[in-house]
Amino acid sequence: MKLLSRKATCNSHGQDSSYFLGWQEYEKNPYDVVQNPSGIIQMGLAENQLSFDLLESWLANNPDPAIFKRDGQSIFRELALFQDYHGLPAFKNALVEFMAEIRGNRVSFDPKKLVLTAGATSANETLMFCLAEPGEAFLLPTPYYPGFDRDLKWRTGVEIVPIHCSSTNSFRVTESALEEAYEAAKKRNLKVKGVLVTNPSNPLGTTLSLDELNLLVSFISLKNIHLISDEIYSGTVFSSPEFVSVMEILNKKKYSADVELWNRVHIVYSLSKDLGLPGFRVGAIYSNDEMVVSAATKMSSFGLVSSQTQYLLSAMLSDKKFTRNYISENQKRLKQRQEKLISGFRSAGISCLESNAGLFCWVDMRHLLSSNTFDAEMELWKKIVYDVGLNISPGSSCHCSEPGWFRVCFANMSAETLTLAIQRIKDFAELTVASSSRRSHQSMKNSRRRSLTKWVFRLSFDGREPDERIQLQIISY
Amino acid sequence: MAVEIEQPSVRLSRVAVSETHGEDSPYFAGWKAYDENPYDELSNPSGVIQMGLAENQVSFDLLEEYLEQHSEVASWGKKVSGFRENALFQDYHGLLSFRKAMASFMGEVREGRASFDPDRIVLTAGATAANELLTFILANPGDALLVPTPYYPGFDRDLRWRTGVKIVPIHCDSSNNFQVTAEALEAAYRSAEAMSVKVSAVLITNPSNPLGITIDRPVLDEILNFVGRKNIHLVSDEIYSGSVFSSGEFVSVAEVLQSRDFKDAERVHIVYSLSKDLGLPGFRVGTIYSYNDAVVNTARRMSSFTLISSQTQQLLAAMLSDDEFTKNYVRTNRERLRKRYEKIILGLRNGGIECLKGNAGLFCWMNLKPLLENATRESELKLWKSILNEAKLNISPGSSCHCSEPGWFRVCFANMSEKTLEVALKRIHNLMENTKISLHNVISF
């Protein structure tokens, strides 16, 4: 047999997780208002579909960049040949200004410290290659984006050690949790190279507080390690507290002269969430460390952004009138949607973690669990996928240490679809509450367990690769 | 903010600080010299002419004409949902219409002698990414790929840097026009064994960069038999397959497999790209075509790190689905490259310089052995420097391509206008004249 590498045959790509079952079921039976009104509604996909009209109208008013024209002249040849891994200067300039604008211009970014990559997926992996050896570790607060298991570990050989966060303090990062994680890594003989946080958080939808940011910076300062702040949702902050980037903490007097500390803080950004353009593969690494910028720039050869796309977006993001309006209008709409979801779920007796950002809510369904276990969480999740017809993401897929939490997306569908989803969950919650008070509760649980068992049995002995049943496979969740 | 770093207190990874990216080699020093003093017909007629960049600029007008006539393919058409759908599309299977168009274009480039299944095509951001990705999949850190010399300098980075995989050379020389031989294959394999290094695959570039020649069919058979005997993989980088000067001269490994009824095909993988044939390196379009299901599935998942912009996929899907356009493009591009090649060969011959008889690519493999002081790498580099400094031409020394025979140089001819090529040829003539004079006067340069 012609052997493949260990990387090819291992499971670190993470795609055998139960998480993908929801995807499969959605693909088999996708909701459509006309063609399939009883189908499964996709609420597991963190896409921003609320502001496309703003992009479309800009494109309609500015047709030239898409057809390779600048000032009426064709620059097709220039763009077709442009493969410089330093990136199109006009695009990097526009991008750093956009990043600054999102942060209320409280920080500014130097385009020379920005490295373009084919999406944040590539940016995160590249940073791992630059900062850590195989077998070394990064600490990540839980719950975290399921894709990190692949992006940070698969080809790099780097390990993730969780910083456990709990609902007792709204999943905030604490000093003791950081220390515990650090010790846990030590016990496993893993050298810790840094901490990676997502701010705003996926899946929590919250921004890191000033306390947390200060804690993180002082922790990495003390331990002499790196901090990566994945800020890909920074443009989705729709209510207070305002977004505070880790760069703002470094600007403070305390740290402003600590050059070595500055060199250990790196930001990841992307246009996939804020601008809703995941297909265009636009990501970036921002670092104050020249060596990191230099190494990452060379590595970006393996995942450059199409010059066609760089040019289009340089024109769009250079239009300050457009960006100003987009940022504020997009935030308004996200806020509206989030409130709709929150109030809808509340009327079903389901509460959400208080959040101010993101394209999703972190929903508390612990009271609907049959027991405080992850098995019960899976049981509940399958019910919600099959019986309720909503594909939502179970907390266990995000490595949450507490069962019963789910990530529910609200920006990847129409308002009407969200209304329907809310109705379905209401009906389900009422049924669950009602049935739990009936004497037949136990026998219903038994019959559900039997049918669940049959279903699980069918899946595991189907003999076919899970992959074959997935028609569409996307890379970000 | 000025930053003074003596020694980073938190080490970056070994990969980050290593020199395996290869960018300190002379190959790149020539680039620098060009960047600092680039030739321009009007504004800098005495500047350095870039002949070290394998770009195809001879057929842009065909692409521009297509875009003029079909501007809607770049603008998402009249459909309201066109933009939205495209912007959201991040499926690592890639746009089906684009994969179909690529499969058909690859078949067309091979003049119908091989056909490709769109479901075996994995898309990556350029062949650079495709080659690295395949290496991650086929080899473990510490394993080796056997690569015939001379080879594309970028392989040192693409195949080795982040993967930790080694390259063991299959030495080729001018005694048989640099063709791979059975003996050379075995010798390379043995030398890997001697280093206790496991060989995972043979990687060939066909047509060859930097040689500019297609691999003979018997040699392809030999290589296929070799990888079969050793139970290893074969990667065939065919990114110059559309740049063959005459019809019928290119034999793809796909054709050979077809003639063998695809027996033992699961060890073969093809890399392709639109950077050379279509002259679109900026758009980052590469593909892996594998006859091995496990490789296709794994490569697809790994391509998450290097997807092609959906905006670009959409544009090229339309362009490459246009049979009239592609047929005309392939034929016209081929003719123009041949004409350029003939021009440079004639020009060099008139200056007393011979090249390897080439039939493909965007460059020729020039023989300057007669001008070397000694048959050494040092003499070659000395000659290269003097060509750069005196004739102001940036060409690529064979040593940067790991050629084991000093004195050969790769000279690109498709990345400039005809006029510029004429200027370059004139400079070479002058250099040769001066060399004759100085050799006559027993003065070495």
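Residues numbered from 1 in each chain as written. Chains lettered and ligands numbered in written order. Predicted model: local features only at pLDDT ≥ 70, side-chain atom pairs only at ≥ 80, totals over all residues. Heavy atoms only, no water.

Draft legend 1. Fine view of the overall build of chain B. Looking only at helices and strands, chain B has 15 helices and 13 strands in total. Across its three principal directions, the C-alpha atoms of chain B cover 70 × 60 × 55 Å. Looking at chain B as a whole, 62% of its 445 residues are labelled buried. Sequence separation of at least 24 residues holds for 75% of the intrachain contacts in chain B that already meet a minimum separation of 6. Of the roughly 16700 Å² of accessible surface on chain B, a fraction of 50% belongs to carbon and sulfur atoms. (Helix = DSSP H or I, 4+ residues; strand = E, 2+ residues; numbered from the N terminus. Buried < 20%, exposed > 50% of the residue type's maximum accessible area, 1.4 Å probe, protein only. Contact = heavy atoms within 4.5 Å. Areas by Shrake-Rupley, 256 points an atom, 1.4 Å probe, with all protein chains shown as cover.)

Draft legend 2. Examining the overall build of chain A more closely. Looking only at helices and strands, chain A has 18 helices and 15 strands in total. Counting over 477 residues, chain A shows a buried share of 62%. The contacts in chain A between residues at least 6 apart in sequence include a share of 75% that link residues at least 24 apart. Taken as a whole, chain A presents about 18100 Å² of accessible surface, with 51% of it coming from carbon and sulfur.

Draft legend 3. Representation of unusual backbone geometry. Thr142(A) connects to Pro143(A) through a cis peptide bond whose omega is -5°. Of note, Pro143(A) is situated in the loop between strand E5 (137-141) and helix H7 (148-153). In this structure, the amide linkage connecting Asn202(A) to the following residue, Pro203(A), adopts the cis form with an omega of 15°. Here the phi dihedral of Phe178(B) falls at roughly 60°; this positive angle occurs in a residue that is not glycine. Mapping Phe178(B) onto the fold places it in the loop between strand E4 (166-170) and helix H8 (182-194).

Draft legend 4. The arrangement of the sheet that holds strand E3 (residues 144-148) of chain B in detail. All names here are of chain B. Sheet architecture is open: seven strands sit in the order E2-E8-E7-E6-E5-E3-E4, paired in mixed fashion. Only two strands of the sheet have a single neighbouring strand rather than two, namely strand E2 (121-124) and E4. Looking at each pair of strands side by side, their axes are set apart by 25° on average, direction ignored. Sheet topology places E2 next to strand E8 (residues 286-290); four bridges connect them, and they run antiparallel. Opposite threonine 124, over in E8, you have glycine 286 as the bridge partner. The sheet contacts of H8 involve E3, E4 and strand E5 (199-205), and relative to E4 the element is tilted by about 145°. (Pairing = 2+ DSSP bridges. Axes fitted to C-alpha atoms, helices over the stretch in contact; angles between N-to-C directions.)

Draft legend 5. Structural context of the side chain of Glu248(A). Residue and element names in this part refer to chain A. Along the chain, glutamate 248 turns up in helix H10 (residues 246-250). What makes glutamate 248 buried here is its relative accessible area of 16%. The residues contacting glutamate 248, other than those within four sequence positions of it, are Arg106, Val107 and Phe243.

Draft legend 6. View of the interface of chain A and chain B. In this complex, chain A contributes 84 residues to the contact, which on the side of chain B involves 79 residues. Summed over both sides, the interface of chain A with chain B buries roughly 7600 Å², with 59% coming from carbon and sulfur. Linking chain A to chain B there are three salt bridges. As a salt-bridge pair, Glu64(B) and Arg77(A) come within 3.5 Å of each other at their nearest N and O atoms. One can count 16 residue pairs in polar contact (both at pLDDT 80 or more) joining chain A with chain B. (Buried area = accessible area lost by both parts, 1.4 Å probe. Salt bridge = Lys/Arg side-chain N within 4 Å of Asp/Glu carboxyl O. Polar contact = N/O pair within 3.5 Å; in protein donor to acceptor, adjacent residues only side chain to side chain.)

Draft legend 7. Just the sheet that holds strand E10 (residues 363-367) of chain B, in detail. All names here are of chain B. Ordered by their spatial adjacency, four strands build an open sheet running E9-E10-E13-E12, and the pairing between neighbours is antiparallel. On the outer flanks of this sheet lie strand E9 (354-355) and strand E12 (396-397), each paired with one strand and no other. In the sheet, E10 pairs with strand E13 (residues 408-412) via five bridges, with the strands oriented antiparallel. Residue pairing in the sheet places asparagine 367 in a bridge with tryptophan 408 of E13.

Draft legend 8. Molecular detail of helix H16 (residues 374-388) of chain A. All names here are of chain A. For H16, which comprises 15 residues, the first-to-last C-alpha distance of 20 Å matches the rise-based estimate of 21 Å (1.5 Å per residue) to within 8%. Those residues of H16 not exposed but buried are Ala376, Glu377, Met378, Leu380, Trp381, Lys382, Lys383, Ile384, Val385 and Val388. Following H16 by one or two positions, glycine 389 has its phi on the positive side, about 80°. (Expected span 1.5 Å × (residues − 1).)

Draft legend 9. Quick look at the pattern of salt bridges. Tallied over the full model, the rule gives 42 salt bridges over all chains. Residue Arg113(B) is joined to Glu255(B) by a salt bridge in which the shortest nitrogen-to-oxygen separation is 3.2 Å. Residue Arg113(B) is located in the loop between helix H5 (96-109) and E2, and its partner Glu255(B) is located in helix H10 (residues 253-259); the two are separated by 142 residues in the primary sequence. Taking relative accessible area as the criterion, Arg113(B) reaches 27% and is therefore assigned partly exposed. Among the salt bridges present, the one from Arg349(B) reaches Glu354(B), with a minimum N-O distance of 3.2 Å. Among the residues examined, Glu354(B) registers a relative accessible area of 39% and is labelled partly exposed. Look at the salt bridges and you will find they share partners, linking Asp53(A), Glu329(A), Lys332(A) and Arg333(A) into a network.

Draft legend 10. Representation of the layout of surface pockets within the structure. Approximately 900 Å³ is the volume found for the second largest pocket. The wall of the second largest pocket is formed by 27 residues, among which Tyr26(A), Glu47(A), Gln49(A), Asn412(A) and Leu88(B) lie closest to the centre. Those elements that provide at least two residues to the lining of the second largest pocket are helix H2 (19-28) and strand E1 (41-42) of chain A together with helix H4 (81-88) of chain B. (1 Å grid on protein atoms, 1.4 Å probe; cavity = no way out; pocket = protein on both sides within 12 Å on 5 of 7 lines; lining within 4 Å. Points joined across faces, edges and corners; volume = space filled by probe spheres on them.)

Draft legend 11. View of the packing of aromatic side chains. Residues and elements named next belong to chain B. One pass over the structure, following the stated rule, counts 34 aromatic pairs over all chains. Arranged with centres 6.1 Å apart and planes meeting at 85°, the rings of tyrosine 189 and phenylalanine 226 form a pair that is edge-to-face. With tyrosine 189 in helix H8 and phenylalanine 226 in helix H9 (residues 217-230), this pair connects stretches of sequence that are 37 residues apart. Taken as a pair, tyrosine 189 and phenylalanine 226 share a single burial class, namely buried. A centroid spacing of 5.2 Å and a plane angle of 80° characterise the contact between tyrosine 240 and phenylalanine 363, whose relative ring orientation is edge-to-face. (Phe/Tyr/Trp six-rings, centres within 6.5 Å; stacked < 30°, edge-to-face > 60°.)

Draft legend 12. Just the nonpolar core, in detail. Ranked by internal contacts, the top residues of the largest apolar core, which has 161 residues, are Leu95(A), Leu139(A), Val195(A), Leu271(A), Phe98(B) and Val202(B). Top element by residues in this core is helix H5 (residues 89-102) of chain A. It accounts for eight residues. Excluding residues that lie within four positions of it along the chain, Phe98(B) makes contacts with Leu123(B), Val285(B), Ile308(B), Gln313(B), Leu316(B), Ala317(B) and Leu320(B). Counting residues in hydrophobic clusters, the runner-up holds 150 residues, among them Val292(A), Cys361(A), Cys409(A) and Cys355(B). (Core = buried A, V, L, I, M, F, W, Y, C linked by side-chain atoms within 4.5 Å.)

Draft legend 13. Quick look at the environment of Ser414(A). Note that Ser414(A) resides in the loop between strand E15 (405-409) and helix H17 (415-436). Residues Ser414(A) and Gly303(A) lie 111 residues apart in sequence; the distance between their C-alpha atoms is 33 Å.

Draft legend 14. Representation of the environment of Ser115(B) within the structure. With respect to the element layout, Ser115(B) can be found in the loop between H5 and E2. Sequence-wise, Ser115(B) and Arg260(B) are 145 residues apart; in three dimensions their C-alpha atoms are separated by 14 Å.

Draft legend 15. How the structure looks around the pairing of strand E7 (residues 192-198) of chain A. All names here are of chain A. For E7, the buried fraction is high: seven of the seven residues fall into the buried class. Sheet topology places E5 next to E7; three bridges connect them, and they run parallel. Note on E7: the bridge partner recorded for alanine 137 is valine 192. Where E7 lies against strand E8 (residues 226-230), five bridges are found, and the strand directions are parallel. What sits directly across from valine 195, in E8, is leucine 227. Following the chain from E7 across helix H9 (residues 210-223) to the adjacent parallel E8, one finds a crossover that is right-handed. (Right-handed = clockwise from strand over helix to strand, strands pointing away.)

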